[in-house]
Amino acid sequence: MLNRMLFAAGVSLFVSSVLALPPGEGEALVREHCSSCHQPEILNRAQGYDTTAEWRQLMASMVELDEPRADIIARYLAQHFKSKPELYPALVPGPVEIEIDEWMVPTLGQRSRDPIEASDGAIWWTGMWASLVGRLDPLTDDVREYPLPPMARPHSIVPDDAGFIWYLGNGNGTVGKLNPLTGEIREYETGLADPHTGVFHPNGAFYFTAQRAGAVARLDPASGHITHRETLARPYGIKVAPNGRIYIAFNGDNAIGEMDPETLEITYFTIPHEESRIRRLDVASDGSIWYVNSARGRIGHLDPTTGVVREWDSPSGPQSHPYAIAVIDDVVWYNESGQRPDALVRFDPESETFQSWAIPSGIGIIRHVWVTRNKELLIHQSSSNRIGRVTILDSGSGTENRDIPIDTSGQ
Ligand code: HEC
């Protein structure tokens, strides 16, 4: 598995420029053990730690090391890569209570991401760099990882109603369908470089973005037929509104698109400020759009019937890089991925107030979230190799989501 993973990971990430690491006993060991999945340069951009214990904890989510080596590397890192208070989020206290559960996934350093809930209540995620998808039963903590073709490097997954898991093969231009009972995979060649994020429509078709290819596509699961249409730069998040219209976020332009599911024709809404970039969005019950303005550290609201846009500064400011977003009962949840720890933020549109929390495992990025049938939020941390679940215990207005029974039938 390790070789396969290094192969899958190394292709696009291992560039030849080399960081001048501070000299020391740990330098050679860092080069040896910390360069296969990413350059050691990541150390400069990341949060650091002042203690060896914290470094040990992070390293243990990425790579297995024997005791003397782990100790030498951790001491070297704690000496040269200390904590950066400027990356701490500006956490906002508030009345809402939540509980965050996190699970470390088995294959280390897999870049766990994009968890979803399947119809049997299981949580699935993708391990992009290890080219796998995994299944967790949150009731028993049983986990199983399913290998995908080594170059598939799945970006996102979506369950269908029949229990199949569909993945976006970001590395090999495919969409794949996994049968969880047999592990069997059917691949669909998309003709697009990098399938990214997908969504099922009530009409039965699967719609997805391809970011670098600059296209959106529709796959008909019955025939396997795929059609696509070119778009503005870097189509990213994609969601279906209650009226069946499809909304697309653009990470390469200051725009949000509204797509006709039949013709794939897109009407574009311009978001103010040329430097605005929108990774993801979600739809409120009235069909209006909430989005993250990742480039400007803001969140925004678009009324697609009028084109009117409003934005709010995220608590941690212009560099906070809001990333994943979901609307639960018309309240907005998103994360500040530029901060360490990554912060989960709640925005109440009624009172226009924020509240935020640090993600416990503390390091990484939530790149995509999913709302379960019980209105929990599934999250992840791609550095600390975790997937997680946020339970909203008390919305601050006295209503609780806890006592909705979980359907565990149909295992
Ligand atoms: C098997 C793959 C793998 C190996 C080996 C590996 N890492 Fe990582 N590392 C990851 C992944 C995956 C991420 C998340 C990257 C992303 O989200 O783009 C990451 C991110 C990081 C970050 C950034 C944390 C953040 O989000 O702020 C640091 C620091 C880091 N690694 C340090 C190390 C060190 C030190 C070693 C060697 C002891 C190491 N890594 C070895 C997979 C690996």
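All values derive from a computational prediction rather than experimental measurement.

**Quick notes on the sheet that holds strand β15 (residues 246-250)**
Then step 1. With respect to topology, 4 strands assemble into an open sheet ordered β14-β15-β16-β17, the strand pairing being antiparallel. With partners counted over all chains shown, the strands left at the sheet margins are β14 (235-240) and β17 (266-270), one partner each. Ignoring strand direction, the axes of neighbouring strands in this sheet form an average angle of 25°.
Then step 2. Inspection of the sheet shows β14 paired to β15 by 4 bridges, in the antiparallel sense. Paired with I238 across the strands is I248, a residue of β15.

**Side note on the domain arrangement of the protein chain**
It is common to give the size of an interface as the accessible area lost on bringing the parts into contact.
Then step 1. According to the domain assignment, the protein chain consists of domain 1 (2-83) and domain 2 (88-394).
Then step 2. Placing the centre of domain 1 and that of domain 2 at their C-alpha centroids yields a distance of 28 Å.
Then step 3. Contacts between the two partners involve 12 residues from domain 1, matched on the other side by 14 residues from domain 2.
Then step 4. In terms of residue count, helix α1 (residues 2-13) provides more of the side of domain 1 that touches domain 2 than any other element does, 5 residues in total.

**Description of the packing of helix α4 (residues 52-59) against helix α5 (residues 67-80)**
Then step 1. It is at 8 Å that the axes of α4 and α5 come closest, and there the two elements cross at 120°. Overall, the two elements α4 and α5 adopt an arrangement that is oblique. Judged by the twist between their axes, the crossing of α4 over α5 is right-handed. Taken together, the residues of α5 that come into contact with α4 (itself represented by T52, W55, R56 and M59) are A70, I73, A74, R75, L77 and A78.
Then step 2. When grouped by side-chain class, the residues that make up the contact of α4 with α5 number 7 nonpolar, 1 polar and 2 charged.

Quick notes on the rules
- Residues numbered from 1 in each chain as written.
- Predicted model: local features only at pLDDT ≥ 70, side-chain atom pairs only at ≥ 80, totals over all residues.
- Pairing = 2+ DSSP bridges.
- Helix = DSSP H or I, 4+ residues; strand = E, 2+ residues; numbered from the N terminus.
- Axes fitted to C-alpha atoms, helices over the stretch in contact; angles between N-to-C directions.
- Domains from an automatic or database assignment.
- Contact = placed C-beta atoms within 7 Å.
- Parallel < 35°, antiparallel > 145°, perpendicular 65-115°, else oblique.
- Left-handed = near helix turned anticlockwise from the far one by under 90°.
- Nonpolar A, V, L, I, M, F, W, Y, C, P; charged D, E, K, R; others polar.

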